[in-house]
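# Descriptive structure summary
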Amino acid sequence: MPAIPASFQHHGNSVKVLILGAAAGGGFPQWNSNDTTARRVRARDPAVRPSTQSSIGVSADGRRWVLFNASPDLRQQINDNVALQPGKDDGLRASPLAAIVLTSMDVDHVAGLLNLRESQPLAVYGHGRVLEVLARNSIFNVLSPAFVARRPLRFGDWQDISDQPGRSLGIAVRPFPVPGKIALWLEDAAAPRLGTTEGDTLGLEISDGGRSFFYVPSCAAMSPDLESRLRNASLVFFDGTLWRDDEMVAARVGTKTGQRMGHMSCCGSSGTIAAFESLRISRKVFIHINNTNPLLVEDSPERLEAEAAGWEVAYDGMEIVLERTMVPAGI
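Computed from a predicted structure; not experimentally measured. (Residues numbered from 1 in each chain as written. Predicted model: local features only at pLDDT ≥ 70, side-chain atom pairs only at ≥ 80, totals over all residues. Heavy atoms only, no water.)

### Things to note about the pairing of strand E2 (residues 55-59)
- In terms of burial, E2 is a largely internal element, five of the five residues being buried.
- In E2, alternate side chains face the same way, and those of Ser 55, Gly 57 and Ser 59 on one face and Ile 56 and Val 58 on the other are all buried.
- Sheet analysis places strand E1 (residues 14-21) next to E2, joined by five bridges and oriented antiparallel. Its bridge partner being in E2, Ile 19 is matched across the sheet by Ile 56. (Buried < 20%, exposed > 50% of the residue type's maximum accessible area, 1.4 Å probe, protein only. Helix = DSSP H or I, 4+ residues; strand = E, 2+ residues; numbered from the N terminus. Pairing = 2+ DSSP bridges.)

Dropping the structure here:
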């Protein structure tokens, strides 16, 4: 695999990863959910935390941040996290957010872009297929091209993430395709695989050259390529949408299985916990967790089972600091 160019390497003593939202589309509780778990959240049960829709922020210097996916809840996430707010000495219009990297065109990954209008300089990165869809939908032109640069991601290459003027943010990404599905709102019932093609779902290796981790918020299966990439990784954020494949059907809140939606299940012989068992990953964190998934309930048997298998469950405001000793996999 190609090495990270020397210009990317060692921009600071640590890399900060901030979980802005841990839930899947709709958040937790979803606006119209009225099951027992949703009622526990609204009653402020300490064992059931509310969660916004999934996104993470990454910073190599603690000042400038790269956003990975733009949640519909982005405005709330900024207000909930001081690190993403302008400082008292900044201008009347300012933000520490300098770039956004998109892993798909799912609504819960791109709708937050509409919060980022108002002529703030930004850079948006995505696979060419994702950028093409953005270009076809004029509503995204509220992010004026005069202020917001759109830059393509290429499979296989390390790419420096830079702000709108082109200054490095000290973070590099290496995108790769993962098994998945085209975004629901782009499905074509008459096309093979609903119109899904390579580039619709990305995984990312993220590094400053001295530390590295993986972000895979959506994944339909553990492919041999993905298994090889993740083996021996220091940290992986991974799709935790459903605990079991028929979860929404069994709960009588939906008709689609996890596989139909493009997501692995957490449990079972072909689920994520089993697939990761032999990969020797130091730290494993479920993210993008659906409101029906019992992982969100801290005292559930499923949560205890996942924790016993070495998994953590992401939550809003969770922060992970990667020290320089963490070395990129495959380098």
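Once the structure has been displayed, the description carries forward.
### Some words on the state of the cysteines
- According to the stated counting rule, one finds zero disulfides in the structure shown.
- No disulfide involves Cys 219; its sulfur sits 12 Å from the nearest other cysteine sulfur, which is in Cys 266.
- Here Cys 266 stays free of any disulfide, with the sulfur of Cys 267 as its closest cysteine sulfur at 7.3 Å. (Disulfide = S-S within 2.5 Å.)

### Let's talk about the pattern of salt bridges
- A complete count under the given rule lists 16 salt bridges for this structure.
- With a closest N to O distance of 3.0 Å, Arg 49 and Glu 298 form a salt bridge. With Arg 49 in the loop between helix H1 (36-42) and E2 and Glu 298 in the loop between strand E12 (284-287) and helix H9 (301-308), this residue pair connects regions lying 249 residues apart in the sequence.
- A salt bridge links Asp 200 to Arg 129, with the shortest nitrogen-to-oxygen separation between them at 2.5 Å. In this pair, Asp 200 is assigned in the loop between strand E8 (168-177) and strand E9 (202-207) and Arg 129 in helix H4 (residues 128-136), connecting sequence segments 71 residues apart. (Salt bridge = Lys/Arg side-chain N within 4 Å of Asp/Glu carboxyl O.)

### A closer look at the confidence of the model for the protein chain
- Averaged over every residue, the pLDDT of the protein chain is 89; residues scoring 70 or more account for 92%.
- In the model, residues 326-331 has pLDDT below 50 throughout and makes 24 contacts with residues more than four positions away in sequence or in other chains. (pLDDT = per-residue confidence, 0-100. Contact = heavy atoms within 4.5 Å.)

### Here we look at unusual backbone geometry
- Phe 28 connects to Pro 29 through a cis peptide bond whose omega is 0 degrees.
- By the secondary structure assignment, Pro 29 is in the loop between E1 and H1.
- Of note in the backbone geometry, Asn 69 takes a positive phi value of approximately 75 degrees without being a glycine.
- Classification of Asn 69 as buried rests on a relative accessible area of 0%.
- In this structure, Glu 118 takes a positive phi of about 85 degrees despite not being glycine.
- According to the relative accessible area criterion, Glu 118 is exposed, its value standing at 57%.

### Structural notes on the side chain of Lys 284
- In this structure, Lys 284 sits in strand E12.
- The buried charged residue Lys 284 lacks any salt bridge, with Glu 277 as its nearest oppositely charged partner at 8.4 Å.
- Among the polar contacts listed, one links the side chain of Lys 284 to the backbone oxygen of Ala 309, at a separation of 3.1 Å.
- Residues in contact with Lys 284, not counting those within four places in the same chain, are Val 236, Phe 276, Ala 309, Gly 310, Trp 311 and Glu 312. (Lys, Arg positive; Asp, Glu negative; His and termini not counted. Polar contact = N/O pair within 3.5 Å; in protein donor to acceptor, adjacent residues only side chain to side chain.)

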